[in-house]
Amino acid sequence: MTDVDSSQMYARPRVAVIFGGVSSEHGVSCLTASGVLAAIDPNRYDVIGVGITRSGRWVIVESDAIAKLEVTDGRLPELSEDAADAMLVRSAGGSELAVRSQSALAQLGPVDVAFSLLHGPFGEDGTIQGLFEMMGVRYVGAGVLASAVGMDKHFMKLVLSASGLPVGPFVAIPPAEWRRDPAACLESVAALDYPLYVKPARGGSSLGITKVDDQAGLEAAIAFAQRYDPKVIIEQGFVDARELECGVLADPAGGRPEASQVAEIRVHSESGFYDFDAKYLPEEQVDLDVPAEVDGDIAAEVRDLAVRTFEAIGCEGLARVDVFVTRDRRVIVNEINTMPGFTEHSMFPQMWSASGLPYPDLVERLIRLGLERPVGLR
Ligand SMILES: Nc1ncnc2c1ncn2[C@@H]1O[C@H](COP(=O)(O)OP(=O)(O)O)[C@@H](O)[C@H]1O
Ligand SMILES: [Mg+2]
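Residues numbered from 1 in each chain as written. Chains lettered and ligands numbered in written order. Predicted model: local features only at pLDDT ≥ 70, side-chain atom pairs only at ≥ 80, totals over all residues. Heavy atoms only, no water.

Side note on the packing of helix H2 (residues 26–39) against helix H13 (residues 359–372)
Right, on to step 1. At a closest axis distance of 9 Å, the pairing of H2 and H13 adopts a crossing angle of 90°. As the angle between them shows, H2 and H13 are arranged roughly perpendicular. Of the residues in H13, those touching H2 at Thr32, Gly35, Val36 and Ala39 are Tyr359, Pro360 and Val363.
Right, on to step 2. Of the residues that constitute the contact of H2 with H13, the class distribution is five nonpolar, two polar and no charged. (Axes fitted to C-alpha atoms, helices over the stretch in contact; angles between N-to-C directions. Helix = DSSP H or I, 4+ residues; strand = E, 2+ residues; numbered from the N terminus. Parallel < 35°, antiparallel > 145°, perpendicular 65-115°, else oblique. Contact = heavy atoms within 4.5 Å. Nonpolar A, V, L, I, M, F, W, Y, C, P; charged D, E, K, R; others polar.)

Take a look at the structure:
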């Protein structure tokens, strides 16, 4: 393959939208891709859809096929494995996409910016961001370290508390410690008050999470979380806390990041928390208030905390920060998501829309931030 200068050959910047992936949030990412694709102005950008199948293969997915990725009969979409292998190939000025056509490589042209819509491990956790760095590709959103810290609820809480930000009590159970001495791990949990939330440390979409009301349920909940991630985190539950979220966006002019309007999630699901079904298969299980009905001082505190959380992990581009407001009105950070749910109906775009930035403009701003960001250490 020869090096191609995209400014000469292509009139518009070429955006590789990358979605699907090997994590348990494959289907959610496919839904996001179909929303994002519909929002990108084809007069401004050329979009190339790059799907990652459940087995981890990269494939090119045509725009009309992406548009058809939707929930059918309550089931999330899944990418077909039946396609030629696609790949990134490093060139002097960046990277190009190619597909394997029998034993040869067919060139698909350069990538000006990668927009990864992958959720969860091997996508939202710094791994694909590392690939982009190695391949000299500009990309949207958080870098390697911020992605990894944002993904791992244990290290996230360590970094946030070291930065003086409020997080709840927790205990981490790394796999080596569990193998060496499970009794000591269980003993360490005794420092927490029930109810507990037992979670895969690097999960998302509430998959693998159990609310545990007493000690009898603890070991089963740990085993369940370990099916999603060998590393588990156990958190003290906030009882009757309100659950608020806030979007953060980097400022293209280089100023401090901006916080969106604050939203609230009010859950009525059987599990009593914002679980997977309430997130993606909503049948009156959840009310999303955008903006939230909260006092101005609480909203201001949430927005300030969201920006400080974004900065504490060295985030770039975008993030959604989720907090609890306790009964005694303390605001506690639950988590930061560096690739939040991103369909048009997801909280992050809804919060920005309520803040005066409609979905297509949000997508445009993120692509622009990615295109303008230098490659390499910054
Ligand atoms: N410490 C906690 N106290 C009360 N509710 C919690 C706590 N941790 C999680 N939850 C509930 O579980 C949901 C999912 O947990 P979260 O940590 O956000 O995982 P995920 O990364 O999968 O979204 C939250 O939205 C909230 O409803
Ligand atoms: Mg969450």
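Considerations on the site of ligand 1
Right, on to step 1. Taken together, 19 residues form the shell around ligand 1, and within it Lys153, Lys199, Ser206, Phe238 and Glu243 come nearest.
Right, on to step 2. Contacts to ligand 1 include tyrosine 274, whose backbone N or O atom sits 3.0 Å from an oxygen atom.
Right, on to step 3. Expressed as a share of its isolated accessible area of 550 Å², the protein-covered part of ligand 1 is 96%.
Right, on to step 4. Classifying every residue of the shell around ligand 1 by side-chain character gives six nonpolar, seven polar and six charged. (Near = heavy atom within 4 Å. Polar contact = N/O pair within 3.5 Å; in protein donor to acceptor, adjacent residues only side chain to side chain. Areas by Shrake-Rupley, 256 points an atom, 1.4 Å probe, with all protein chains shown as cover.)

Some points on the nonpolar core
Right, on to step 1. With 34 residues, the main nonpolar core has Phe19, Phe115, Phe342, Val363, Leu366 and Ile367 as its most contacted residues.
Right, on to step 2. Put simply, the parts of the chain that give this core at least two residues each are strand E1 (14–20), H2, strand E3 (58–61), strand E7 (113–116), helix H12 (347–354) and H13.
Right, on to step 3. In terms of residues, this core owes the most to one element, H13, which gives seven residues.
Right, on to step 4. Each of domain 1 (6–139) and domain 2 (148–167 + 239–354) gives at least three residues to this core.
Right, on to step 5. Listed in part, the 29 residues of the second largest apolar core include Ala142, Val167, Val302 and Ile313. (Core = buried A, V, L, I, M, F, W, Y, C linked by side-chain atoms within 4.5 Å. Buried < 20%, exposed > 50% of the residue type's maximum accessible area, 1.4 Å probe, protein only. Domains from an automatic or database assignment.)

Overview of the domain arrangement of the chain
Right, on to step 1. For the chain, the assigned domains read domain 1 (6–139), domain 2 (148–167 + 239–354) and domain 3 (170–236).
Right, on to step 2. Each of domain 1 and domain 3 has a C-alpha centre, and these two points are 34 Å apart.
Right, on to step 3. The interface is formed by four residues belonging to domain 1 together with five residues belonging to domain 3.
Right, on to step 4. Buried surface at the junction of domain 1 and domain 3, both sides included, amounts to about 310 Å², of which 53% is carbon and sulfur.
Right, on to step 5. It is Ser24, Glu25 and Pro121 in domain 1 that bury the most area against domain 3; as a group they hold 90% of the surface buried on that side.
Right, on to step 6. Across the domain 1-domain 3 interface, the total number found is zero salt bridges.
Right, on to step 7. Summed over the shared surface of domain 1 and domain 3, the result is one residue pair in polar contact (both at pLDDT 80 or more). (Buried area = accessible area lost by both parts, 1.4 Å probe. Salt bridge = Lys/Arg side-chain N within 4 Å of Asp/Glu carboxyl O.)

Examining the pairing of strand E5 (residues 94–101)
Right, on to step 1. Counting buried positions over the eight residues of E5 gives six, a clear majority of the element.
Right, on to step 2. Both strand E4 (residues 86–91) and E5 contribute to a ladder of six bridges, which runs antiparallel. What sits directly across from arginine 90, in E5, is serine 95.
Right, on to step 3. The hairpin turn running from E4 into E5, its antiparallel successor, is two residues long.
Right, on to step 4. Of the pairings in the sheet, the one linking E5 to strand E6 (residues 104–111) comprises seven bridges and is antiparallel in character. Note on E6: the bridge partner recorded for glutamate 96 is proline 110.
Right, on to step 5. Linkage of E5 to E6, two consecutive antiparallel strands, is achieved through a turn of two residues, within which glutamine 102 is found at a positive phi near 50°. (Pairing = 2+ DSSP bridges.)

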